[in-house]
Amino acid sequence: ENTPEGKKRAQLAGLLTSPDSSEKLPKHVPYLIIGGGTAAFSAFRSIKSNDAKAKVLIISNENRKPYMRPPLSKELWYTPNANEDPIKDYRFKQWTGSERSLFFEPDEFFVDPEKLEDSVNGGIAVAQGFAVKKVDAQSRTVTLNDGYKITYNECLIATGCAPKNLPMFRDAAPNVREKVMVYRTPDDFDRLRRYATEKRTIAIVGNGFIGSELACSLAHYSKENGGGKVYQIFQEGGNMSKVLPNYLSRWTMSKMKNQGVCVIPNASIKSATRDEESLKLELNNGMTLLSDIVVICVGCSPNTNLASPSKLEVDRSLGGFVVNAELEARRNLYVAGDASCFYDPLLGRRRVEHHDHSVVSGKLAGENMTGAKKPYVHQSMFWSDLGPEIGYEGIGLADSSLPTVGVFALPSATEGRSSTDNLTENRDADDGSKHTIIVNEKSQTDAVTCQDDANEEQPNYGRGVIFYLKNEKIVGVLLWNLFNRVGLARTIINQNKKYDDLNEVAKLFEIHS
Ligand code: FAD
Ligand code: NAD
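Here the structure is a predicted model, which is why all the values come from computation and not from measurement.

(A) Quick look at the pairing of strand 11 (residues 202–205). Going residue by residue along strand 11, you find Ile202 and Ile204 tucked away on one face and Ala203 and Val205 tucked away on the opposite face as well. Sheet analysis places strand 11 next to strand 12 (residues 230–233), joined by four bridges and oriented parallel. Each residue of the ladder has a partner; that of Val205, found in strand 12, is Ile233. Assessed by its sense of winding, the connection that carries the chain from strand 11 through helix 6 (residues 209–225) to strand 12 is right-handed. As paired strands, strand 11 and strand 17 (residues 293–296) are joined by four bridges and run parallel to one another. Note on strand 17: the bridge partner recorded for Ile204 is Val295.

Okay, here's the thing in structure tokens:
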């Protein structure tokens, strides 16, 4: 967005309200935040509630005021505002039925950066379209890309992460590159929506959160809009395989197919060439596809460019700025959100790329910037929706490389199989002994074994709970179509103990009610 073209688009859309030159920005602010996303805005709220007249300056290299990202791959595609481009204020319908905007607050909420210093009641100003290149923690000074310096009392780095591309597309000819995009901003939504509205063919690469959510949303949008094919191509055997155990990942993939996504697992793109209109994609499994646009959803990298000039440490394996449990990188310098590699006193060093974490860590950083000195001990959660039949929430280390135990409720007793045991475990064939599935029928006496027989009808993993284990303790919980139980899951993780019978723990989740 901070390209000349992005700036021009923002100007045309009346978005650019920031000063045209950094000279007009304050030379000193009590609170300075680098990055203008979710963690930044959450930090502002918490600073303001602890220091009512706080003056907070956000430096953001985007040309928009702070906004949330989750609806970009979900709700916005289900909101019927077909004729608007762009959709005004990016308004969308929440699951409660009420409408809201992607933006946390309307424009009027913000103070003009030129007036912040003189504002009697303080407030928040956003310097849009400016980037920070360096922080000097010793002299408490940030330097912008153009060399302008601002001093601070307390500073937060909340630079988030940037989508990765694949080398074959990054290094491709311009006529191929113009048919390839990543997905993170409202501009990306606008661009992809234009393709979808024109009933074009869209190929998504990646099986993770964005790839899977977007594939579902686009398939739905195409149906409503009367056409447009959606491919989802990935190397793995099923959707969301970094989070879901194999059996559930494959089951989810079959649901995605039912929704109209043309899923191509176990595949990667070997070559991409351009004809008049579209890209010809040759896959390593021998398939050839024609697509009008390719959306690369292969993860993101934390924005840590300013680490080296600022002499800040970046975690070698997890990425992100290394901070302690209080989210401090140095004295008076904090890091929150996607870019923060923090020390979780319970689960060890971590980096989390989810909305709730950015809210909670931003809030804590804001409190600590106003003197609280609190550790980050609250386990944040995440959620995702994959069409009408799948919604899940997770907490802790929901990582499918760990051993898991999943306990599921069968929707009815009509599956035609029964056993006298109340519960029967079985091993997922492809996973060896790593993942245990327990299928648990509603009836008190009848129970059902989920067979490992390929000819057997697949069980319906309609609702359940999955425990992720490390050293035999529960370190993560995934609530599968099971809502309002995150608090319980959090309590169980915080108990940090070994349970003899995970089925007893599962019963606490009342998966049948
Ligand atoms: P960001 O929101 O990325 O904000 C960082 C900001 O800093 C950006 O504006 C960036 O341009 C700016 N910046 C970077 N470097 C500099 C610099 N040097 N100077 C100035 N500014 C800079 N999570 C969920 O839990 N549930 C969901 O359903 C969900 N859906 C998502 C859907 C999409 C399409 C995407 C992309 C993400 C989704 N996420 C979801 C993830 C969630 O949005 C992120 O974890 C969250 O946005 C991270 O917040 P942040 O403030 O750390 O970073
Ligand atoms: P992701 O980490 O969820 O998934 C990345 C996927 O990229 C992997 O699962 C793999 O399939 C693929 N991949 C990685 N390297 C590859 C390679 N070299 N070639 C081919 N495929 C490769 O990342 P994402 O889906 O791109 O999402 C980006 C960020 O946004 C993540 O931080 C994610 O957590 C966040 N997000 C979260 C939610 C949510 O919480 N509901 C929703 C959307 C996005």
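(B) Just the site of ligand 2, in detail. Around ligand 2 sit 18 residues, and of these Asn207, Glu213, Glu353, His354 and Trp383 come closest. Between Gly299 and ligand 2, the recorded distance is 2.8 Å, taken from a backbone N or O atom to an oxygen atom. One of the side-chain nitrogen or oxygen atoms of Glu353 is found 2.3 Å away from an oxygen atom of ligand 2. A total of 840 Å² of accessible area belongs to ligand 2 in isolation, and the protein chains cover 80% of it. Elements with a minimum of two residues in the shell around ligand 2: helix 6 and strand 24 (381–385).

(C) Broad picture of the sheet that holds strand 22 (residues 340–344). An order of 19-22-23 is seen for the three strands of this open sheet, with the pairing classed as mixed. The sheet is open, and its two edges are formed by strand 19 (321–322) and strand 23 (348–350), each paired on a single side. Pairing of strand 22 with strand 23 involves three bridges; the strand directions are antiparallel. Bridge assignment links Tyr343 to a residue of strand 23, and that residue is Arg349.

(D) Highlighting the sheet that holds strand 10 (residues 180–181). Read from one edge to the other, the open sheet built from five strands follows the order 10-17-11-12-13, with strand pairing classed as parallel. Across the chains shown, the open sheet's two edge strands, defined by having one partner strand only, are strand 10 and strand 13 (262–264). With respect to the sheet, helix 6 is in contact with strand 11, strand 12 and strand 17, its orientation differing from that of strand 12 by roughly 165 degrees.

(E) View of the site of ligand 1. Around ligand 1 sit 34 residues, and of these Asn61, Glu62, Lys74, Arg184 and Asp338 come closest. In the environment of ligand 1, an oxygen atom lies 2.9 Å from a nitrogen or oxygen atom belonging to the backbone of His355. When ligand 1 sits alone it has 1000 Å² of accessible area, and the protein chains cover 93% of it. Mapped onto the shell around ligand 1, the elements with two or more residues apiece are helix 2 (38–50), strand 2 (55–60), helix 9 (355–369) and strand 24.

(F) Broad picture of the nonpolar core. In this structure, Leu32, Leu192, Leu478 and Trp480 are the most contacted members of the largest nonpolar core, which totals 110 residues. Setting aside anything within four residues of it in sequence, one finds Trp480 in contact with Leu244, Leu248, Trp251, Thr252, Ile390, Gly391, Tyr392, Phe408, Tyr461, Gly462, Arg463 and Gly464. Val465, Phe467, Ile474 and Val477 belong to the second largest nonpolar core, which has 22 residues in total.

Thresholds, definitions, all that
- Residues numbered from 1 in each chain as written.
- Chains lettered and ligands numbered in written order.
- Predicted model: local features only at pLDDT ≥ 70, side-chain atom pairs only at ≥ 80, totals over all residues.
- Heavy atoms only, no water.
- Buried < 20%, exposed > 50% of the residue type's maximum accessible area, 1.4 Å probe, protein only.
- Helix = DSSP H or I, 4+ residues; strand = E, 2+ residues; numbered from the N terminus.
- Pairing = 2+ DSSP bridges.
- Right-handed = clockwise from strand over helix to strand, strands pointing away.
- Near = heavy atom within 4 Å.
- Polar contact = N/O pair within 3.5 Å; in protein donor to acceptor, adjacent residues only side chain to side chain.
- Areas by Shrake-Rupley, 256 points an atom, 1.4 Å probe, with all protein chains shown as cover.
- Contact = heavy atoms within 4.5 Å.
- Axes fitted to C-alpha atoms, helices over the stretch in contact; angles between N-to-C directions.
- Core = buried A, V, L, I, M, F, W, Y, C linked by side-chain atoms within 4.5 Å.

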